Amino acid sequence: AGVKLSKEESMSQNEENLFRTDLAVPAIKLLSLLARHSKDIAELDLFQKEAISDVLAILCSDAMDREETRLQIWCLIYVRIIMRYGLATSAIQAIISIATPKVALLERNDHVCVHYLQLFAVICHQSNSIQSSGVIAEDVSDGALMSLVWLASSARSCASTMTRTMAQSKNSSDAEATLLITSQMNLLASYFQASKSSEEGDSVPVISDEQCDNVVSEVIASEVCTSMLSTAMTAAFLPSWDNAVDAHADLPLPEEAAACSFVTTLSTFVRVIGPENLSGNAGNVLIDKILERMERANQSRPPVARSNLSNPSRQSWLVEAEFSILMVVCEWLHSNQERVDGLRPHLAAFTYSLLGRLSIGHEALAQAIFFQPELFQLSNSQRSENVQKIFTRELNSEGQVQQLRHSMFIYPPRVSGPTASTSLRCKADTSGRSEDVLPLGKLWMWNTLSSTVTEHGSTRQIVDMISHSLGLLTSLECTNNPRYVEGISKGTKLYHLANICLFPESVISDEFVGSTAQELFQILTTTPDLQDEISLVVDFIRACYDHSRLSRETPRSSDSKEDGESVKTLLGSSPSETVGGPLSQKELKALEDFVDDMCGAYVEFGAQYDAFTLFVRFFLRPWFPPKVTASVLSRLHPILNLLTVDGESRPDLMLSLRTSVRGGLPGVDPAARRDPSGVLDAHALSLRRREKTPSRDDYHYLLSTAVLGRNLASSSRRCECGVGAMRSRLRDVPAGVVYDVFRVAESFLQGDGSRGSLVECALSVCCDQTLALESQGRDVRDEWQRGAVEDAKWERAMEGLQSVNEVQPTEDMHKY
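Conventions adopted
Residues numbered from 1 in each chain as written. Predicted model: local features only at pLDDT ≥ 70, side-chain atom pairs only at ≥ 80, totals over all residues. Heavy atoms only, no water. Helix = DSSP H or I, 4+ residues; strand = E, 2+ residues; numbered from the N terminus. Areas by Shrake-Rupley, 256 points an atom, 1.4 Å probe, with all protein chains shown as cover. Expected span 1.5 Å × (residues − 1). Buried < 20%, exposed > 50% of the residue type's maximum accessible area, 1.4 Å probe, protein only. Salt bridge = Lys/Arg side-chain N within 4 Å of Asp/Glu carboxyl O. Contact = heavy atoms within 4.5 Å. pLDDT = per-residue confidence, 0-100. Polar contact = N/O pair within 3.5 Å; in protein donor to acceptor, adjacent residues only side chain to side chain. Core = buried A, V, L, I, M, F, W, Y, C linked by side-chain atoms within 4.5 Å. Phe/Tyr/Trp six-rings, centres within 6.5 Å; stacked < 30°, edge-to-face > 60°. Axes fitted to C-alpha atoms, helices over the stretch in contact; angles between N-to-C directions. Parallel < 35°, antiparallel > 145°, perpendicular 65-115°, else oblique. Left-handed = near helix turned anticlockwise from the far one by under 90°. Nonpolar A, V, L, I, M, F, W, Y, C, P; charged D, E, K, R; others polar.

1. What to know about the overall build of the protein
(1) Moving on: A count of helical and extended segments in the protein gives 40 helices and 0 strands.
(2) Moving on: As displayed, the protein offers around 34500 Å² of accessible surface, 50% of which is attributable to carbon and sulfur atoms.

2. Some remarks on helix H21 (residues 459-478)
Think of an α-helix as 3.6 residues a turn; residues three or four steps apart then line up on the same face.
(1) Moving on: Here H21 spans 28 Å end to end across 20 residues, near enough to the 28 Å set by a 1.5 Å rise per residue.
(2) Moving on: For H21, a buried count of 15 out of 20 residues is recorded, marking the element as mostly surrounded by other parts of the structure.

3. Quick word on the pattern of salt bridges
(1) Moving on: Scanning the model with the defined rule gives 22 salt bridges in all.
(2) Moving on: When the shortest N-O distance is used, the salt bridge between Arg 460 and Asp 510 registers 3.4 Å. Residue Arg 460 is located in helix H21, and its partner Asp 510 is located in the loop between helix H24 (505-508) and helix H25 (511-525); the two are separated by 50 residues in the primary sequence.
(3) Moving on: For the salt bridge of Arg 635 with Asp 596, the shortest nitrogen-to-oxygen distance reads 2.3 Å. Highlighted residues: Arg 635 in helix H32 (residues 626-635) and Asp 596 in helix H30 (residues 585-604), separated in sequence by 39 residues.
(4) Moving on: One salt-bridge network, held together by shared partners, links Glu 292, Arg 293 and Arg 296.

4. Side note on the environment of His 362
(1) Moving on: With respect to the element layout, His 362 can be found in the loop between helix H16 (340-357) and helix H17 (363-370).
(2) Moving on: For the pair formed by His 362 and Leu 404, sequence separation is 42 residues and the distance between their alpha carbons is 8.3 Å.
(3) Moving on: Among all residues touching His 362, those that are not within four sequence positions of it are Ser 316, Val 319, Glu 320, Ser 407, Tyr 411 and Leu 438.

5. What to know about the confidence of the model for the protein
Segments scoring low in pLDDT should not have their predicted coordinates read at a detailed level.
(1) Moving on: Averaged over every residue, the pLDDT of the protein is 82; the share at 70 or more is 78%.
(2) Moving on: A low-confidence stretch, residues 556-580 (pLDDT under 50), is modelled with 40 contacts involving residues beyond four sequence positions or located in other chains.
(3) Moving on: Under a pLDDT of 50 for its full length, residues 809-816 has, in the predicted model, 8 contacts with residues more than four places off or in other chains.

6. Remarks on the environment of Ser 407
(1) Moving on: Mapped onto the secondary structure, Ser 407 falls in helix H19 (residues 401-410).
(2) Moving on: A relative accessible area of 0% means that Ser 407 is categorised as buried.
(3) Moving on: Residues Ser 407 and Gly 361, 46 residues apart in the sequence, show an inter-C-alpha distance of 5.1 Å.
(4) Moving on: From its side chain, Ser 407 meets the backbone oxygen of Gly 361 in a polar contact 2.6 Å long.
(5) Moving on: One polar contact links the side chain of Ser 407 to the main-chain amide nitrogen of Glu 363, over a distance of 3.1 Å.

7. Describing the nonpolar core
(1) Moving on: Core analysis: the largest hydrophobic core is formed by 243 residues, its most contacted members being Tyr 78, Leu 497 and Ile 500.
(2) Moving on: For this core, the element with the highest residue contribution is helix H15 (residues 312-334), accounting for 12 residues.
(3) Moving on: Contacts of Ile 500, omitting those with residues within four sequence positions, involve Leu 449, Ile 466, Leu 470, Val 507, Ile 508, Val 513 and Ala 517.

8. A closer look at the packing of aromatic side chains
The geometry of an aromatic ring pair comes down to the distance between the two centres and the angle between the two planes.
(1) Moving on: Applying the stated criterion across every chain yields a total of 21 aromatic pairs.
(2) Moving on: Aromatic side chains Phe 370 and Trp 444 sit 6.0 Å apart centroid to centroid with 80 degrees between the ring planes, which places their arrangement in the edge-to-face category. With Phe 370 in helix H17 and Trp 444 in helix H20 (residues 444-447), this residue pair connects regions lying 74 residues apart in the sequence.
(3) Moving on: With centroids separated by 5.2 Å and ring planes inclined at 85 degrees, the aromatic side chains of Phe 391 and Trp 444 adopt a geometry described as edge-to-face.

9. Let's talk about helix H13 (residues 253-273)
(1) Moving on: With 21 residues, H13 ought to run about 30 Å at 1.5 Å a step, and its terminal C-alpha atoms sit 30 Å apart, in line with that.
(2) Moving on: Looking one or two residues beyond H13, the residue adopting positive phi is Gly 274, at roughly 105 degrees.

10. With respect to the packing of helix H2 (residues 21-37) against helix H5 (residues 66-84)
(1) Moving on: Close contact between H2 and H5 brings their axes to 9 Å; oriented N to C, the two are set at 20 degrees. Taken together, the axes of H2 and H5 lie roughly parallel to each other. In the crossing of H2 with H5, the sense of the turn from one axis to the other is left-handed. Side by side, H2 and H5 meet where Thr 21, Ala 24, Val 25, Ile 28, Lys 29, Leu 31, Ser 32, Ala 35 and Arg 36 of the first sit next to Glu 67, Glu 68, Arg 70, Leu 71, Trp 74, Cys 75, Tyr 78, Ile 81 and Ile 82 of the second.
(2) Moving on: Classifying every residue of the contact of H2 with H5 by side-chain character gives 11 nonpolar, 2 polar and 5 charged.

11. A closer look at the environment of Cys 599
(1) Moving on: When you line up the elements, Cys 599 lands in helix H30.
(2) Moving on: Overall, Cys 599 belongs to the buried group, its relative accessible area being 0%.
(3) Moving on: A sequence separation of 32 residues divides Cys 599 from Ser 631, and the C-alpha atoms of the two residues are 9.1 Å apart.
(4) Moving on: For Cys 599, the contacting residues outside a window of four places in its chain are Val 632, Arg 635 and Leu 636.

12. Remarks on unusual backbone geometry
(1) Moving on: A cis amide bond, omega 0 degrees, links Leu 438 with the succeeding residue Pro 439.
(2) Moving on: Position of Pro 439 relative to the elements: it lies in the loop between H19 and H20.
(3) Moving on: Even without a glycine there, the phi angle at Ala 88 is positive, about 60 degrees.
(4) Moving on: The class of Ala 88 is buried, set by a relative accessible area of 7%.
(5) Moving on: A positive phi is found at Phe 237, a non-glycine position, where the angle reads about 75 degrees.
(6) Moving on: Along the chain, Phe 237 turns up in the loop between helix H12 (223-232) and H13.
(7) Moving on: Judged by its relative accessible area of 0%, Phe 237 is buried.

13. Remarks on the side chain of Asn 711
(1) Moving on: Assignment of secondary structure puts Asn 711 in helix H35 (residues 699-718).
(2) Moving on: Asn 711 gets classed as buried once you look at its relative accessible area, which sits at 2%.
(3) Moving on: In terms of polar contacts, Asn 711 uses its side chain to reach the side chain of Asp 675, at 2.7 Å.
(4) Moving on: Filtering out sequence-adjacent residues up to four positions away, Asn 711 remains in contact with Arg 674, Asp 675 and Leu 680.

Here you go:
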């Protein structure tokens with residue numbers, strides 16, 4: 001109505017222009033949006049006949065100003081939308097007749113020319129789809145079938161003028177020149193592909209392979225190509241858009257969009273020809289450029305925060321460019337298998353980050369990636385197809401297959417025929433309410449370790465899935481992929497890794513799963529400083545909550561201030577407050593539920609597996625809430641001796657103990673903090689009389705004596721009330737055990753007061769002496785109680801500590 005009104009008013013006022021742009025532009029915009037929304041709307045006579053006739057009239061006239069140019073561009077966009085549905089084929093000849101003289105000029109600043117070329121490419125795709133289907137519907141006009149003949153001159157013109165266009169675009173930031181080159185390549189690629197598959201091959205003028213080869217080779221060799229690849233990989237290797245940073249913060253969005261379109265089109269053209277079919281060394285040159293750009297993107301840590309990556313359009317053109325790059329590399333690798341192993345680490349990180357950022361509508365891209373086995377292959381392993389099989393099955397499930405087919409029509413448009421969809425939106429029109437597979441999110445690989453088995457698959461299938469995921473993740477962590485690997489916190493990864501212990505026993509008992517999980521655990525828990533150790537635990541707790549049902553019931557933001565304050569009291573002066581703030585009661589509840597499940601599985605079957613033991617030990621780290629430490633020691637009290645790993649090297653044992661104590665001697669170690677009373681009580685209680693006498697080299701015994709010895713040493717220097725509390729705490733602990741605690745404290749006071757020194761003291765006192773604990777207890781009891789009153793043994797035990805404190809006065813501590 002707006003188009004007709006503008007036309008009638010212009011005619012009634014005898015204006016020179018046929019249409020009033022102030023009415024026609026919004027009218028054609030509205031028609032375009034409605035047509036994009038639904039094919040049912042686009043099939044109405046208003047859209048196919050009346051609007052098309054007005055559009056042709058607009059395109060016949062010359063644009064005299066900027067607004068009229070804008071009107072013509074929107075008219076071409078409208079026609080492109082209609083033809084994507086396979087409609088308006090009767091207007092193809094008229095449009096080509098109008099456009100051919102204008103396209104022949106190929107001026108860089110001719111915005112309309114670019115859109116004509118894009119429309120020509122859509123017409124070629126449409127013709128290719130019709131010819132490929134083998135079934136020509138009655139309503140398909142001769143225009144669709146003859147379009148390749150009519151477009152031959154334009155395609156040849158593009159092929160012959162590409163050299164001139166490339167020469168004009170020496171400035172790689174020139175978006176107009178980039179768009180012109182891109183639209184020319186797009187037409188050449190679509191025309192070349194359609195003419196090759198045409199049943200009328202003898203009558204269709206085909207652009208020679210040599211012409212296309214020359215065009216692509218020249219583009220690949222240019223500096224423009226190098227610059228465009230860098231821009232298109234702005235978000236490469238980022239696990240998600242949330243923590244994204246901008247390597248091209250000063251680059252205008254139109255130029256970034258043009259660069260991504262350039263890369264996507266060039267990649268498509270290369271795939272149409274075949275990377276291995278490019279003359280000379282062009283294929284290798286392109287791959288080398290891609291790999292070099294990948295390496296730079298992977299190693300970069302741009303400092304500028306990106307705030308505009310939340311734009312869905314920007315996200316889409318970036319991931320589509322990355323996808324096109326990945327497909328070219330995969331196709332090239334098919335004929336260069338000798339380079340697969342060397343490229344796999346970077347390609348894996350590039351691929352997994354891309355999969356995590358795909359959104360609704362990109363299902364076809366995800367499936368195409370999962371169909372590339374070399375991206376998910378483990379060296380010398382038979383379990384190399386399980387992850388992609390799982391996700392491919394999800395994409396093709398009953399509730400998702402319609403969305404997948406819809407995506408095949410949307411991204412990229414040449415994948416499927418013009419009648420394959422009822423809408424050009426990202427989301428298909430479905431009657432069901434099935435949950436979308438995409439976006440997978442940045443944790444999609446780690447989620448395979450913490451997923452719930454909902455189908456009755458064989459035990460072997462479950463084990464293969466877990467082992468395949470573990471192998472891929474370990475390979476990523478062991479290789480130099482900082483931008484992707486560091487984009488996900490270690491605590492989050494460790495939580496999902498811990499979930500493999502909750503699968504049936506057949507999973508953790510598998511030799512590959514157990515050894516790989518143990519290796520990955522060591523990688524994730526090796527932290528350079530105390531702050532990282534705290535962050536590891538805090539992030540673990542956050543991930544536990546986010547993965548729990550509690551997070552889905554109530555968002556974290558709804559937790560009350562009182563919840564946070566109560567947890568702050570539980571944590572005491574824990575530095576975790578400086579890392580992630582106080583934890584909520586719901587986060588603690590999720591953690592307690594998880595720890596309870598882990599302890600139950602450990603008692604049932606897990607104690608015999610070293611990997612499981614390492615995870616249970618992790619819960620004894622001092623940055624977990626005291627209630628968790630007490631719970632683990634209480635639940636596992638009968639089998640605490642099993643926390644010892646057979647054959648564990650002394651360095652590994654020392655590292656585990658060092659990260660499980662809260663610090664060195666307060667006043668000497670600046671980062672040291674006193675243990676909460678609840679932790680000390682739990683360790684003392686675990687050392688009291690038990691059904692089985694503990695061994696002095698048990699992991700639990702070493703840790704408890706170190707924790708209690710450290711606090712006794714600290715209290716003996718500066719806190720009489722602390723000494724009294726320790727006296728009450730150790731009252732019912734066997735004398736031999738108390739003796740070890742005192743010996744550790746005494747030795748610790750004589751050392752440098754560091755965490756490492758504390759661990760060395762515990763190992764020296766408990767492991768490097770051969771006297772059995774029972775014999776030591778008898779000897780100590782006789783010595784402490786000879787001719788003395790009941791309380792004399794404590795006084796005698798404190799004498800050693802006091803003598804050390806006299807040798808090293810308290811003021812010496814301030815020298816450190």
